[in-house]
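The primary structure of each chain is shown beneath.
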Amino acid sequence: MASTNQSPQYKKAEAQFFLAKTNEEKLKCLEEMIKECPKHKSSEKMLANLKTRHIKLKEKIESTRKTSKGAKKSGIKKEEMQAVIVGFANTGKSTLLANLTNTKPEIAHYGFTTKQPIQGIMHYVGTNIQIMEIPAVGSEYYDKGLVNSADTLLFLITELSQIPEIEKQTERAYGKRIILFNKIDTLSANEIRKISSTLQSKKYDFVMISGETKENFDELQEKIFKSFDKIRIYLKEPGKDINKTRDKPVILEPGSTVRDVAEKILKGFSEKVSETKIWGPSSKFAGQKVGLKHLLKDLDVVEFKTR
Ligand SMILES: Nc1nc2c(ncn2[C@@H]2O[C@H](COP(=O)(O)OP(=O)(O)OP(=O)(O)O)[C@@H](O)[C@H]2O)c(=O)[nH]1
Ligand SMILES: [Mg+2]
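Throughout this document, residue positions are counted from 1 along each chain, in the order its sequence is written. Starting at A for chains and at 1 for ligands, labels are handed out in the order in which the entities are written. For this predicted model, a pLDDT threshold of at least 70 governs which residues receive local features, and a threshold of 80 or more governs which side-chain atom pairs are given and counted, while totals over whole chains, interfaces and linings are taken from all residues. Values reported for side chains reflect all heavy atoms of the structure, with hydrogen atoms and water molecules removed beforehand.

Focus: the site of ligand 1
Our working rule: For this purpose, a residue is taken to be near a molecule or strand whenever a single non-hydrogen atom of the residue falls within 4 Å of it. Polar contact criterion, stated in full: a pair of N or O atoms within 3.5 Å, where within protein one must be able to donate a hydrogen and the other to accept it, and residues adjacent in sequence count only if both atoms are side-chain atoms. Using a 1.4 Å probe, accessible areas were evaluated by the Shrake-Rupley method; residue-level cover was limited to the displayed protein chains. Both cavities and pockets are sets of points on a 1 Å grid over the protein atoms alone; in a cavity a 1.4 Å probe fits but cannot get out, in a pocket the set is open with protein on both sides within 12 Å along at least five of seven lines, and lining residues sit with an atom within 4 Å of a point. Just a note on the criterion: a molecule sits in a pocket or cavity if more than half of its atoms are within 2 Å of the grid points.
Close to ligand 1 lie 24 residues; K93, T95, F112, T113 and D185 are nearest. The side chain of K93 places a nitrogen or oxygen atom 2.7 Å from an oxygen atom of ligand 1. In the model, an oxygen atom of ligand 1 is placed 3.1 Å from a nitrogen or oxygen of the E212 main chain. Coverage of ligand 1 by the protein amounts to 89% of the 660 Å² it exposes when considered alone. At a threshold of 2 Å from the grid points, most atoms of ligand 1 map onto the second largest pocket.

Pasting the structure below:
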């Protein structure tokens, strides 16, 4: 940047800018440079340039601030299907994570034990679902960034009155919401019935659970999987029995076709397929021959013959 016609104050700020070690220091220098930059026609372009740099640097500082606390710091990568447990302190988030996945988080009878995001993988009908615990709502470690990008939010509550506050804290999240009313092992059948009917009347998608005794975990796992709105397609090898499909299904979006499965498993070589047969929900009869455009449904079984 040409600084020959600049004031001594400007030159000093510019020199400090180049010596600055942190982005925060650089930002201060830029502010000083903007202040000291002459405000006449010939330096208009230069001033605009300084202001753009100022905005960019500020954004950079803010984004590193946001991510350094959460996911980036703990090195967690978002998987294809991710659900985040959101709830107040001591509601049983870590216990639930431990019992749904293979992770062993720290569990304590006092609140605010979990201070950074923890992940676990839940295996459900051949799929891998990433479940995350984040620090409690209302704690200084609560991480909105992770909540906002999650596919599904699991509101873990032990009192109905916790719902409005959690809703407020998750306003900008786009993921589907499921309410998990926890610790039902401590409630009477009558209390459970009352709470269920209240949640039902408010049209919430919910499950009554105990993270400790694993009550209603089947329903919980199914709801979590369904929330991602994906379909599972199983593959069968020609000549092999229909009950001996590969155990890991291909995960696809609803509305996917035979071609989409072929592309995913043959890595872009769907034209190699010479014949396709299907079994299951989208077939008219077992072993029906279909074309690449055939629309699939969840739990279909597909057999490819390739050239
Ligand atoms: N009775 C009962 N107690 C539970 C259940 N789940 C968790 N707890 C107890 O509740 C306490 C808190 O459990 P955590 O799993 O650590 O709760 P958390 O939400 O992770 O807590 P923070 O990370 O501190 O916010 C512990 O004493 C657990 O044993 C449950 O389903 N039933
Ligand atoms: Mg915890």
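Let us keep going from here.
Some points on the packing of aromatic side chains
Short version of the rule: Between 30 and 60 degrees the pair is tilted, below 30 it is stacked and above 60 it is edge-to-face, where a pair is any two Phe, Tyr or Trp rings, Trp via its six-membered ring, whose centres lie within 6.5 Å. To sort residues, take the accessible area from a 1.4 Å probe on protein chains only and compare it with the maximum for the residue type: under 20% means buried, over 50% means exposed, and anything in between is partly exposed. Each helix corresponds to a stretch of at least 4 residues labelled H or I by DSSP, and each strand to a stretch of at least 2 residues labelled E; elements are numbered beginning at the N terminus. A ring is scored as having a charge over it whenever the NZ atom of a lysine or the CZ atom of an arginine sits within 6 Å of its centre and within 35 degrees of its normal.
Evaluation of the coordinates by the stated rule reveals two aromatic pairs. Judged by centre distance (5.5 Å) and plane angle (85°), the rings of F17 and F18 are edge-to-face. Using a relative accessible area of 61% as the deciding quantity, one classes F18 as exposed. With centroids separated by 5.8 Å and ring planes inclined at 40°, the aromatic side chains of Y124 and F225 adopt a geometry described as tilted. In this pair, Y124 sits in strand β2 (residues 118-124) while F225 sits in helix α9 (residues 217-227), placing the two residues 101 residues apart along the sequence. Grouping residues by exposure puts Y124 and F225 together as buried. Lying over the aromatic face of F17, K26 brings its terminal NZ or CZ to 5.2 Å of the ring centre. Looking at R53, its charged tip hangs above the ring of F17, at a distance of 5.0 Å from the centre.

Side note on the pattern of salt bridges
Just so we agree on the cut-off: Any Lys or Arg side-chain nitrogen found within 4 Å of a carboxyl oxygen on Asp or Glu counts as a salt bridge.
Tallied over the entire structure, the rule returns 13 salt bridges. The salt bridge partner of K230 is E253, with a shortest N-O separation of 2.7 Å. Taken together, the residues span a long stretch of sequence, with K230 in the loop between α9 and β7 (231-236) and E253 in the loop between β8 (250-252) and α10 (258-265) at a distance of 23 residues. What makes K230 buried here is its relative accessible area of 16%. For E253, a relative accessible area of 43% translates into the label partly exposed.

Let's talk about the side chain of S283
Let me state the cut-off plainly: Note on contacts: a residue pair qualifies if any of its non-hydrogen atoms lie within 4.5 Å across the two residues.
Position of S283 relative to the elements: it lies in the loop between β9 (273-279) and β10 (288-290). A polar contact is formed between the side chain of S283 and the backbone oxygen of G280, at a distance of 2.7 Å. Apart from the residues within four sequence positions on either side, S283 is in contact with I278 and Q288.

Section: helix α2 (residues 23-36)
For the α-helix, the turn length of 3.6 residues means that residues three or four positions removed from each other point alike. Heads up, the rule is: To estimate the expected span of a helix, count its residues, drop one, and scale the result by 1.5 Å. In this context, the arc is that of the directions from the helix axis out to the C-beta atoms.
Its 14 residues place the ends of α2 20 Å apart at the C-alpha level, agreeing with the 20 Å of an ideal helix rising 1.5 Å per residue. Taken together, the buried positions of α2 are L27, C29, L30, M33 and I34. Angular distribution of buried residues about the axis of α2 spans 165°; they occupy a single face of the element. Projecting away from the buried face of α2 at angles above 90 degrees are the exposed residues K28 and K35.

Concerning the packing of helix α1 (residues 8-19) against α2
The line we're drawing: Note on definitions: angles span 0 to 180 degrees between N-to-C directions of axes, and those axes are lines fitted to C-alpha atoms, for helices only across the stretch in contact. We call two directions roughly parallel when the angle between them is under 35 degrees, roughly antiparallel when it is over 145, roughly perpendicular when it lies between 65 and 115, and oblique otherwise. Should the near helix be turned counterclockwise from the far one by less than a right angle, the crossing is left-handed, whereas a clockwise turn marks it as right-handed. Put simply, Ala, Val, Leu, Ile, Met, Phe, Trp, Tyr, Cys and Pro go in the nonpolar bin, Asp, Glu, Lys and Arg in the charged bin, and everything else, Gly too, in the polar bin.
Direction vectors running N to C along α1 and α2 enclose 160°, while the axes themselves pass 9 Å from each other. Our classification of the angle between α1 and α2 gives roughly antiparallel. Seen along the crossing, α1 lies across α2 with a hand that is left-handed. Counted together, Q9, Y10, A13, E14, Q16 and F17 of α1 and K26, C29, L30, E32, M33 and E36 of α2 form the full contact between these two elements. Among the residues forming the contact of α1 with α2, the class breakdown is six nonpolar, two polar and four charged.

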